[in-house]
Structure formats: structure tokens, C-alpha cells
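Observations on the three-dimensional arrangement
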Amino acid sequence: MNAAKAFLYSFSPHFHHLHPHKTRPDKSLHRRRCSVSELRPPNQRRHDFRFSVNREGHRFVFLVRARQPGVKSEPCDVSTESVKFQDELNEVVVSGEEDGVAWWEEFPKRWVIVVLCFSAFLLCNMDRVNMSIAILPMSAEFNWNPTTVGLIQSSFFWGYLLTQIAGGIWADTVGGKLVLGFGVVWWSVATVLTPIAAKVGLPFLLVVRVFMGIGEGVAMPAMNNILSKWVPVSERSRSLALVYSGMYLGSVTGLAFSPFLIHQFGWPSVFYSFGSLGTVWFAIWLNKAYSSPLEDPHLRPEEKKLILTKSVSREPVKTIPWGLILSKQPVWALIISHFCHNWGTFILLTWMPTYYNQ
């Protein structure tokens, strides 16, 4: 309010009587800011002033009306939503709504991170299951027997096993943004190179599939690292449910579109089209994502405060009590159930198309 008073006072008609040593304000500016009420008698003149307030990336525009001393002003309510002034000569409506802010910029940044992680897992399983469909025409073209087909299908999991724990340690060290971005680019490049490697020879194809598994192996630990820093505790169940649903949606999407692409453009088109989507995702990821809210210069202060105050902050774990962990029965129940779930899931995803084909 002090700034507003100073602003109005600087354009007051009595400014020069109080401070004669000051120079008169620019007349063109004074006339431009006065309303048509200047046509009234001198003792009833009033002056309208517009001013804007910039706060936290938003701009609010207001209209302030000043009258000559001794003239009673008309009461009016000023708010940031809408201000309306009316007299017998003119009507002015000034909007106080936020100016120049798009709706997508108001979307919570933490949920932008969640949606990007969801998209990454969608692409992850699309690139993973496309081989289950493409292996049928590939084995017919290259005369692969069932043993060779099984070797090719399992080679992905060799690399996937290698980077599960390493990916989590790496994400804790350099940040989840870099690790997840690396993983998506790595497996996308490996997906695009799959048709080329298959035509060069079986050993090259196995190496490319191992490389693809290495890229996808870091995705899950990196995602957990990011969400633990970006999402408050009260929203983590919803965010994790959305992200993990991307895996199953990716399996459905990959199995649904692969036959169409193979029928229309040949089996290499599956790898080229799915792999190229990773580059689009990576470009958005570099522009929008940060490893933690503290690193994001564009994060609104109120959202940053919400994330930091409602998240459980802990010091990095220096030592892991493996003996104590493995001595608990619930831990072994989770290990066994997760193993059985993945065994059944990947057997179906890998071999179901071959089973129906034969």
C-alpha cells in the first residue's frame, strides 16, 4: 500500500504546491491517465490511475480513482478478481485476473514429473514386448530354432539384472533426472539398432538386447529416487499407482500395435517407430524435469514449500543392515511373491504370441 500511495501522490494536482522545488510531471502522461471526468467543474474533478503488481510470476492490474480534496469519494470494493466503476459519463471495467499465465503453467510441477515418469514406463514396456511379436517373422526369416528364440528373448534380462541395484546407487549419487534420462536414451538406441544387429548376426543381436536390458534396469530405481523427493507422503500412493500403471498400459499398447505395424511395414518398423519415441520423451524430460524441487528454478514457492514441508527428509543411508533385513519373514514373503509374479508375467509376455502362432 505504501508503494500505491507514493504512486498516487506523485501525480496529485497539489503536488507542486507542497513541493515547489520539484518539476512538474510530464503533461502528456498526466492527460493520458485522466478520465473523461476532467470535463466536470474543477471542484469535482477526479483522476484515474492504472497500476500493476507483479508477484510470483503473475501480474494483477488495478484501477484507482482519486478525487480533489474536500469531495466525498464513492465507496467501492477492490479485489483481485474484478473491479467495476460506473458514473453518469462512462463505465470502466478492469479485470484483476492473472495476466499472461497459461493453464498448463499452473499445473502442479510435481505431477508433471509423475506424468513424465508414467510416460517413461509406458515406453519401457512397449520396447520390451515388441520382440515377443516381431520374433515370429524374424525367426522365419533367419531360420531360428526354438532354442535360439529363447536365447534371444532371455538375453534382455541378463542386462536388466545387472543394473537394478547399480541404478539406485547411481541415482543417489548423481540424481534421478540424469539416470532416468540415460536409461530411456540407452534402451531407445538399442531398440532402433535391433533390426540392424539381427541382419549382421546373432551375437550382435544378443549384445544389443543385453544393452537394452541395461538401460531399462536403471529406470525403476531412478524413478523411485525422483518421486521420493518430488511427491509429498500423502500423494505417493497415487503417484506410484499412476507410474506403475504405465508399465501395464505399455504392454497392452505394444502388443496391440506391433501386429499392425508388422503387417503394414514389416517387422523392422516396430523397433524403429517405438525406439524413436524415446527421443521425443527425452527432449521434454531435459526441459521440464529436475532431480529435486531444490534444483528447479521455475518451481512456484508455494508448491516448493508444500513438497519440502510434507516430505520425510532423511540423511542418505551409509550402511545397510542386510542381516537384519533378511532375517524378517515378511521380507521373504515379498521376495517370493514378487519372484512368482514376475516369472508368470514375463513367461506370458514373452511366449504367448509364439504359443498362439504354433
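Figured I'd write up the structure that's included with this text. (Residues numbered from 1 in each chain as written. Predicted model: local features only at pLDDT ≥ 70, side-chain atom pairs only at ≥ 80, totals over all residues. Heavy atoms only, no water.)

The next thing to look at is the overall build of the protein. When helices and strands are tallied, the protein shows 15 helices and four strands. Within the protein, the proportion of its 358 residues that are buried is 39%. In the protein, once contacts between residues fewer than 6 apart in sequence are set aside, the share between residues at least 24 apart is 67%. With the model as given, the accessible surface of the protein reaches about 21,300 Å², and the carbon-plus-sulfur share is 65%. (Helix = DSSP H or I, 4+ residues; strand = E, 2+ residues; numbered from the N terminus. Buried < 20%, exposed > 50% of the residue type's maximum accessible area, 1.4 Å probe, protein only. Contact = heavy atoms within 4.5 Å. Areas by Shrake-Rupley, 256 points an atom, 1.4 Å probe, with all protein chains shown as cover.)

Right, let's get into the packing of helix α6 (residues 146-162) against helix α9 (residues 202-217). At a closest axis distance of 6 Å, the pairing of α6 and α9 adopts a crossing angle of 35°. In this structure, α6 crosses over α9, and the sense of that crossing is right-handed. Judged by residue contacts, T148, L151, I152, S155, F156, W158, G159 and Y160 of α6 engage L202, L205, L206, R209, V210, M212, G213, I214, E216 and G217 from α9. Residue composition of the contact of α6 with α9, grouped by class: 11 nonpolar, five polar and two charged. (Axes fitted to C-alpha atoms, helices over the stretch in contact; angles between N-to-C directions. Left-handed = near helix turned anticlockwise from the far one by under 90°. Nonpolar A, V, L, I, M, F, W, Y, C, P; charged D, E, K, R; others polar.)

This part takes up the side chain of T350. Looking at where T350 falls in the secondary structure, it is placed in helix α15 (residues 329-357). A residue is classified by how much of its surface remains accessible, and T350, at 10% relative accessible area, is buried. Look past the residues within four positions of T350 in its chain and what remains in contact with it is S132 and Q153.

The grouping of V317, I320, W322, I325, L326, W332, I335 and I336 at the surface amounts to a nonpolar patch, some 780 Å² of accessible area in total. Elements supplying a minimum of two residues to the nonpolar patch: α14 (322-326) and α15. Judged by its relative accessible area of 42%, W332 is partly exposed. (Patch = residues over 30% accessible without salt bridge, like charges linked within 9 Å, V, L, I, M, F, W, Y side chains within 5 Å. Salt bridge = Lys/Arg side-chain N within 4 Å of Asp/Glu carboxyl O.)

Applying the stated criterion across every chain, the model contains six salt bridges. E235 is the partner of R110 in a salt bridge, and the nearest nitrogen-oxygen pair spans 2.8 Å. In this pair, R110 sits in helix α5 (residues 109-142) while E235 sits in the loop between α10 (219-230) and α11 (236-265), placing the two residues 125 residues apart along the sequence. Of the two residues, R110 and E235, both sit in the buried class. Here E303 ties to R110 by a salt bridge, and the two come within 3.1 Å at their closest N and O atoms. Note that E303 is positioned in helix α13 (residues 301-309) and R110 in helix α5, a separation of 193 residues in sequence.

Let us look at the nonpolar core. By size, the foremost hydrophobic cluster in this structure holds 55 residues, and its most contacted members are C117, M138, L180, W230, W281 and W285. Contributions of two or more residues to this core are made by α5, α6, α8 (176-200), α9, α10, α11 and α12 (268-288). Counting residues per element, this core draws most heavily on α5, which supplies 16 residues. The contact partners of W230, leaving out residues within four places of it in the chain, are K109, R110, I113, Y290, S291, S292, P293, D296, L299 and I307. (Core = buried A, V, L, I, M, F, W, Y, C linked by side-chain atoms within 4.5 Å.)

Geometry only, nothing functional implied.
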